[in-house]
Amino acid sequence: AKQPVRVLVTGAAGQIGYALVPMIARGVMLGPDQPVILHMLDIAPAAEALNGVKMELVDAAFPLLKGVVATTDVVEACTEVNIAVMVGGFPRKEGMERKDVMSKNVAIYKSQASALEKHAAANCKVLVVANPANTNALILKEFAPSIPEKNISCLTRLDHNRALGQVSERLNVPVSDVKNVIIWGNHSSTQLHGEFITTVQQRGAAIIKARKLSSALSAASSACDHIRDWVLGTPEGTWVSMGVYSDGSYNVPAGLIYSFPVTCRNGEWTIVQGLPIDELSRKKLDLTAEELTEEKELAYSCLS
Ligand code: NAI
């Protein structure tokens, strides 16, 4: 029998957490024959809610779920984890300065990076979901220098999946017949162009308007897609979008966490090379890189 994989979910008492943990426990993230032990972290004010989630996980009697650690202690949460899905963060509130929100998230990601660095299993893979996802991932990378940079990523798969969904609806074909869209750069409003693009960009807001709650189901599902493809590989002839540490491909500045088209094999992603970039896309690639560079500078200014 396979050894259980330990999967950390931070912010596990939140909206996305509530949708995500049952998916992981059911094998959606790592496959139907991979036992898991869930580590769930949240902050003290959410401890009771977190315990409620744990009670429901017990009640769901998931055959693959071999244990649940529900805690507000970062070290306990990070100990021996093989996969870390970072959903917890400080949300932007009405009237708050961008710098103040950044500063809160920089502090969170700095301390959680140190805990992962010291206590996670060797070769732990990290996915940052919490916004600003690219920059939180970059801070995490900076403060967990022993975790290989290849192991630190951020989620743009939700935008990728939203784009697949829009193409499928517009052409009236099953979404399984659509592939190889690309999200370049930031998980933000500088993504791309045109009506298709605005729909994808504003999809999160449209769902909040309709549901009065955020798009937790699709965010959780895309986080599972991201990790599954990373660990188990992308299908032949298919690429996906992942926010990863830029090596300068496509003239994107090195040293940013930037979303690229990637294929995955043997647990490693590779940026798809040599795709033609037209003039408009070039502008957009540069614009989103500028935005990320500015965000990086803001994050660094919060450190000093
Ligand atoms: P939420 O507010 O329902 O949940 C966040 C949870 O994080 C809360 O339970 C909170 O107590 C917890 N938390 C706060 N600080 C923490 C800390 N230091 N350690 C551990 N937990 C902490 O929010 P929701 O809807 O679940 O979204 C979570 C994050 O994901 C947000 O930052 C959101 O902007 C982001 N997001 C990113 C997407 C992407 O595509 N990259 C898509 C959708 C959401």
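The structure contained in this document is the topic of the report that follows. Quick caveat, the model's predicted, so the values are computed rather than measured. (Residues numbered from 1 in each chain as written. Predicted model: local features only at pLDDT ≥ 70, side-chain atom pairs only at ≥ 80, totals over all residues. Heavy atoms only, no water.)

1. Looking at the pattern of salt bridges
Inspection of the entire model under this criterion finds 10 salt bridges. A salt bridge links Arg282 to Asp286; its shortest N-O distance comes to 2.8 Å. Placement of the pair is Arg282 and Asp286 together in helix H10 (residues 279-303), with a separation of 4 residues, close to one helical turn. Relative accessible area serves as the criterion here: at 23%, Arg282 is assigned to the partly exposed category. Several salt bridges converge on common partners, so that one network encompasses Arg157, Asp225, Arg228 and Asp229. (Salt bridge = Lys/Arg side-chain N within 4 Å of Asp/Glu carboxyl O. Helix = DSSP H or I, 4+ residues; strand = E, 2+ residues; numbered from the N terminus. Buried < 20%, exposed > 50% of the residue type's maximum accessible area, 1.4 Å probe, protein only.)

2. Section: the packing of aromatic side chains
Counting across every chain of the model gives 3 aromatic pairs. Between Trp184 and Tyr250, the ring centres sit 4.9 Å apart and the planes meet at 70°, which makes this aromatic pair edge-to-face. Taken together, the positions of Trp184 in the loop between helix H6 (157-171) and helix H7 (194-201) and Tyr250 in the loop between strand E7 (240-245) and strand E8 (257-265) put the pair 66 residues apart, joining distant regions of the chain. For the pair shown, Trp184 and Tyr250 are each scored as buried. Each residue in the set Trp184, Tyr250, Tyr258 and Phe260 is aromatic and connected to the rest through ring pairs, giving one cluster. Here Lys150 stacks its cationic end above the ring of Trp269, 4.2 Å away from the centre of that ring. (Phe/Tyr/Trp six-rings, centres within 6.5 Å; stacked < 30°, edge-to-face > 60°. Lys NZ or Arg CZ within 6 Å of the ring centre and 35° of its normal.)

3. A short note on the layout of surface pockets
In this structure, the second largest pocket spans a volume of roughly 210 Å³. Lining the second largest pocket are 14 residues, with Arg157, Leu164, Val178, Lys179 and Thr238 sitting closest to its centre. Elements represented by at least two residues in the lining of the second largest pocket include exactly H6 and helix H9 (216-232). Looking at which element gives the most residues to the lining of the second largest pocket, the answer is H6, with 4 residues. Residues of the lining of the second largest pocket, tallied by class, amount to 5 nonpolar, 5 polar and 4 charged. (1 Å grid on protein atoms, 1.4 Å probe; cavity = no way out; pocket = protein on both sides within 12 Å on 5 of 7 lines; lining within 4 Å. Points joined across faces, edges and corners; volume = space filled by probe spheres on them. Nonpolar A, V, L, I, M, F, W, Y, C, P; charged D, E, K, R; others polar.)

4. Notes on the site of the ligand
Neighbouring the ligand are 19 residues; Gln15, Ile16, Asp42, Val129 and Asn131 lie closest to it. The side chain of Asn131 places a nitrogen or oxygen atom 2.8 Å from an oxygen atom of the ligand. Among the elements of the structure, helix H1 (15-25) and helix H4 (98-119) are those that each provide at least two residues to the shell around the ligand. Residue classes in the shell around the ligand are distributed as 9 nonpolar, 9 polar and 1 charged. (Near = heavy atom within 4 Å. Polar contact = N/O pair within 3.5 Å; in protein donor to acceptor, adjacent residues only side chain to side chain.)

5. Section: the pairing of strand E3 (residues 65-71)
Bridging between strand E2 (residues 36-41) and E3 involves 6 bridges; their strand directions are parallel. Residue pairing across strands places His39 opposite Val69, the latter belonging to E3. (Pairing = 2+ DSSP bridges.)

6. A word on the nonpolar core
If you look at the biggest cluster of nonpolar residues, it comprises 55 residues, and the most contacted ones within it are Val7, Leu20, Met29, Leu57, Val85 and Phe260. With sequence-adjacent residues up to four places away left out, Phe260 is seen in contact with Ile183, Trp184, Val240, Ser241, Met242, Val244, Ser246, Ser249, Tyr250, Val252 and Ile271. Counting residues in hydrophobic clusters, the runner-up holds 32 residues, among them Ala77, Val81, Leu116 and Leu140. (Core = buried A, V, L, I, M, F, W, Y, C linked by side-chain atoms within 4.5 Å. Contact = heavy atoms within 4.5 Å.)

7. A closer look at the packing of helix H5 (residues 133-142) against H10
For the pair H5 and H10, interaxial distance at closest approach is 10 Å and the crossing angle is 50°. The angle between H5 and H10 falls in the class oblique. The hand of the H5/H10 crossing is right-handed. Residues Asn134, Thr135, Leu138, Ile139 and Glu142 of H5 form the contact with H10, whose own contacting residues are Leu292, Glu295, Lys296, Ala299, Tyr300 and Leu303. (Axes fitted to C-alpha atoms, helices over the stretch in contact; angles between N-to-C directions. Parallel < 35°, antiparallel > 145°, perpendicular 65-115°, else oblique. Left-handed = near helix turned anticlockwise from the far one by under 90°.)

8. Description of the side chain of Ser259
Residue position: Ser259 is located in strand E8. Within polar-contact distance, the side chain of Ser259 engages the side chain of Thr156 at 2.7 Å. Setting aside its immediate chain neighbours within four residues, Ser259 contacts Asn134, Thr156, Ile183, Trp184, Gly185, Ser241, Met242 and Gly243.

9. Quick notes on the pairing of strand E4 (residues 83-86)
Two faces, one strand: in a regular strand the side chains alternate between the faces of the sheet. Side-chain alternation along E4 places Ile83 and Val85 on one buried face and Ala84 and Met86 on a second face that is also buried. Bridge analysis of strand E1 (residues 5-10) against E4 gives 4 bridges, and the strand direction is parallel. Opposite Thr10, over in E4, you have Met86 as the bridge partner. Relative to strand E5 (residues 125-128), E4 runs parallel, the two being bridged by 4 bridges. The residue bridging Ala84 from the neighbouring strand is Val126, located in E5. Regarding topology, H4 serves as the crossover connection from E4 to the parallel E5, and that connection is right-handed. (Right-handed = clockwise from strand over helix to strand, strands pointing away.)

By themselves, these are just geometric observations and shouldn't be taken as functional.
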